[in-house]
Each structure stands twice: as C-alpha cells, then as structure tokens.
Amino acid sequence: RPEVLAELAVPTLMVHCRDDPLVPVAHLHRALEAAQGNPLVAGLELGVGGHVGLAGCDPAATLELLSRWFGGLRDG
C-alpha cells in the first residue's frame, strides 16, 4: 500500500541506487509520489551501489549520509 507513505508519522529516509539490477529506481520515484509531500518522508537516489546499496560499497559515506539525515532532524 504505497498510500501509507503519506500517513507516516515517523521520519523515513528511502535510499535507492540507479544501478540496482533487481529493483528499478522508478520504485523510489513512485514511493516519493505516493508520500504526497509528507515532510517526514525523504528519498535519495544514488548513482552507484547496486542492490546492496551504499553501505556495502562505501561504509564511510553511509555513515556521513545518516549523520546528515539525523542531524537535520535534530536541528530542524
């Protein structure tokens, strides 16, 4: 039920890699559309990472991304 994204009341970050061979990045785009501007839902499209994602390719960059995301939530 993608419409549930518009109703989320907790911060949600969706990260998707363009080169994912299993799940097309269009799924991220549809999910963000389904969120209907919910300010607690954000998405990030990465160039590389495959299906494993950034954490498997670049752990340091993953920690930086999460630090920025949670820091932004903390700082408003």
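Owing to the predicted nature of the structure, the values given are computational and were not obtained by experimental measurement.

Visitor: Could you give me a rundown of the overall build of the protein, with the residues and numbers involved?
Guide: Within the protein, the regular secondary structure consists of 3 helices and 2 strands. From first element to last, N terminus to C terminus, the protein shows the α and β order β-α-β-α-α. Taking the principal axes of the C-alpha coordinates as reference, the protein spans close to 30 × 30 × 15 Å. Residues counted as buried form 29% of the 76 residues belonging to the protein. Considering only contacts in the protein between residues 6 or more positions apart, those separated by 24 or more positions represent 69%. Looking at the protein, you have 5 positive and 9 negative side-chain charges, and the mean spots of the two groups are 2 Å apart.

Visitor: Which residues make up a nonpolar patch on the surface, and what are the values?
Guide: Taken together, the side chains of Leu-66, Phe-70 and Leu-73 present a nonpolar region at the surface, about 270 Å² in accessible area. Counting through the fold element by element, Leu-66 comes out in helix α3 (residues 59-75).

Visitor: How would you summarise the environment of Glu-45 if you had to cite specific residues and measurements?
Guide: You can see Glu-45 is positioned in strand β2 (residues 41-46). We classify Glu-45 as partly exposed; its relative accessible area is 29%. With 20 residues separating them along the chain, Glu-45 and Val-25 place their C-alpha atoms 7.7 Å apart. When near neighbours in sequence (up to four residues on either side) are disregarded, Glu-45 contacts His-16, Arg-18, Val-25, Leu-28 and His-29. Polar contacts involving the side chain of Glu-45 include one to the side chain of Arg-18, which spans 2.6 Å.

Visitor: Residues and numbers for the nonpolar core, please.
Guide: Ranked by size, the top nonpolar core spans 8 residues in total: Leu-5, Met-14, Val-25, Leu-28, Ala-31, Ala-34, Ala-35 and Val-41. The element that contributes the greatest number of residues to this core is helix α1 (residues 26-34), accounting for 3 residues. For Ala-31, the contacting residues outside a window of four places in its chain are Leu-5 and Met-14.

Visitor: Report on the confidence of the model for the protein, specifying residues and quantitative values.
Guide: Per-residue confidence for the protein gives a mean pLDDT of 88, with 100% of residues at or over 70. Taken element by element, the protein is modelled with least confidence in helix α2 (residues 54-57), mean pLDDT 72, and with most confidence in α1, mean pLDDT 95.

Reading the values: the criteria
Residues numbered from 1 in each chain as written. Predicted model: local features only at pLDDT ≥ 70, side-chain atom pairs only at ≥ 80, totals over all residues. Heavy atoms only, no water. Helix = DSSP H or I, 4+ residues; strand = E, 2+ residues; numbered from the N terminus. Buried < 20%, exposed > 50% of the residue type's maximum accessible area, 1.4 Å probe, protein only. Contact = heavy atoms within 4.5 Å. Lys, Arg positive; Asp, Glu negative; His and termini not counted. Charge placed at Lys NZ, Arg CZ, Asp CG, Glu CD. Patch = residues over 30% accessible without salt bridge, like charges linked within 9 Å, V, L, I, M, F, W, Y side chains within 5 Å. Areas by Shrake-Rupley, 256 points an atom, 1.4 Å probe, with all protein chains shown as cover. Salt bridge = Lys/Arg side-chain N within 4 Å of Asp/Glu carboxyl O. Polar contact = N/O pair within 3.5 Å; in protein donor to acceptor, adjacent residues only side chain to side chain. Core = buried A, V, L, I, M, F, W, Y, C linked by side-chain atoms within 4.5 Å. pLDDT = per-residue confidence, 0-100.

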